[in-house]
Amino acid sequence: MTAARRSAGLGLLAWAAGIAFALPAGWMLLTSFHSEPDAATNPPSLAAALTLDGYRKFFTSGGADGPWPPLINSMTASVMSTLLVLCLALPAAYALSIRPVRKWTDVMFFFLSTKMLPVVAGLLPLYLFAKNTGLLDNIWLLVLLYTSMNLPIAVWMLQSFLADVPVSIIEAAQVDGAGLPTVLTRIVAPVAAPGIAATALICFIFSWNEMLFARVLTGVAAQTAPVFLTGFVTSQGLFLAQLCAASVVVSLPVLVAGFAAQDKLVQGLSLGAVK
């Protein structure tokens with residue numbers, strides 16, 4: 001009976017923690033369907049009338065094209081940088097796990113140490129580089145930056161995933177005449193698919209949410225969705241309902257990607273826990 005009560009108590013605690021984490025997102029979703037006067041009331045009203053005005057104003061903001069250019073820029077930078085990261089990180093992780101180099105732990109620490117530099121410390125040199133090379137307000141500069149930012153963590157994650165790939169099947173493929181590209185694409189990638197999916201999703205989220213570099217290095221042509229969101233906080237006030245509607249729309253690509261890859265994401269993130 002004590003074990004049953006303990007299990008029930010842990011279950012209730014888990015539900016309470018889950019609700020606490022989901023409550024801000026749920027509140028943001030509800031507020032996005034309120035009018036501006038109802039969203040600004042204190043305390044907020046749960047029974048306020050629902051409306052789509054916030055979404056209408058969001059999709060008609062930002063000029064004639066609306067919010068689509070920033071959303072497309074964010075999608076371009078996130079997807080392209082994630083693909084580049086996977087193309088570069090997979091061979092590197094293969095070399096560090098299945099075909100380890102000497103002092104591979106030092107190499108892994110070097111990759112991780114690159115994430116210890118404060119982002120703001122490299123902001124001025126990058127700005128001067130972009131200005132002198134004519135890359136300011138260029139989406140491909142963000143693609144390169146996001147690739148370099150996410151590559152260390154991708155190599156670190158993929159190295160642990162690829163370490164679980166049986167060496168025997170790789171050797172069997174090599175005996176049959178398979179080269180390195182064939183081994184990576186037809187042997188290693190399918191076996192480590194959950195880990196690759198988890199790494200890709202994390203890199204995509206990091207790229208989609210990044211705002212500091214996008215804020216400083218872009219203007220109008222390469223403006224991303226997070227930078228576009230800051231335009232709803234103006235000197236005239238905070239348009240809370242419209243801001244919540246914009247936040248919901250901007251969050252949808254990440255939520256859709258996470259939902260689509262949830263099975264492989266859980267498998268990938270749990271691989272190291274069952275060794």
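A.B. asks: Is there a simple way to explain the environment of S81 in this structure?
C.D. replies: Note that S81 resides in helix α4 (residues 68–97). On the basis of relative accessible area, S81 is assigned to the buried category, the value being 1%. Along the chain, S81 and L144 lie 63 residues apart, while their C-alpha atoms are 6.8 Å from each other. Only 3.2 Å separates the side chain of S81 from the side chain of S207, close enough to count as a polar contact.

A.B. asks: Looking at this structure, I do not really get the packing of helix α1 (residues 2–32) against helix α13 (residues 240–260). What am I missing?
C.D. replies: The relative placement of two packed helices is expressed as an angle between their axes plus a distance between the axes. Axis separation between α1 and α13 bottoms out at 7 Å; the angle between their running directions is 120°. With respect to α13, the element α1 is oriented oblique. In this structure, α1 meets α13 at a crossing whose hand is left-handed. Seen from α1, the contacting residues are M28, L29, T31 and S32; seen from α13, they are L240, A241, C244, A245, S247 and V248. In terms of residue class, the contact of α1 with α13 is made up of 7 nonpolar, 3 polar and no charged.

A.B. asks: Would you mind going over unusual backbone geometry with me for this structure?
C.D. replies: Most of the time, phi is negative for any residue but glycine, and the peptide bond is trans. If you check the backbone angles, D137 has positive phi at about 60° while not being a glycine. Assignment of secondary structure puts D137 in the loop between α6 (123–133) and α7 (139–162). For D137, a relative accessible area of 26% gives the class partly exposed.

Cut-off values and rules
- Residues numbered from 1 in each chain as written.
- Predicted model: local features only at pLDDT ≥ 70, side-chain atom pairs only at ≥ 80, totals over all residues.
- Heavy atoms only, no water.
- Helix = DSSP H or I, 4+ residues; strand = E, 2+ residues; numbered from the N terminus.
- Buried < 20%, exposed > 50% of the residue type's maximum accessible area, 1.4 Å probe, protein only.
- Polar contact = N/O pair within 3.5 Å; in protein donor to acceptor, adjacent residues only side chain to side chain.
- Axes fitted to C-alpha atoms, helices over the stretch in contact; angles between N-to-C directions.
- Parallel < 35°, antiparallel > 145°, perpendicular 65-115°, else oblique.
- Left-handed = near helix turned anticlockwise from the far one by under 90°.
- Contact = heavy atoms within 4.5 Å.
- Nonpolar A, V, L, I, M, F, W, Y, C, P; charged D, E, K, R; others polar.

All we've got here are geometric facts, nothing functional implied.
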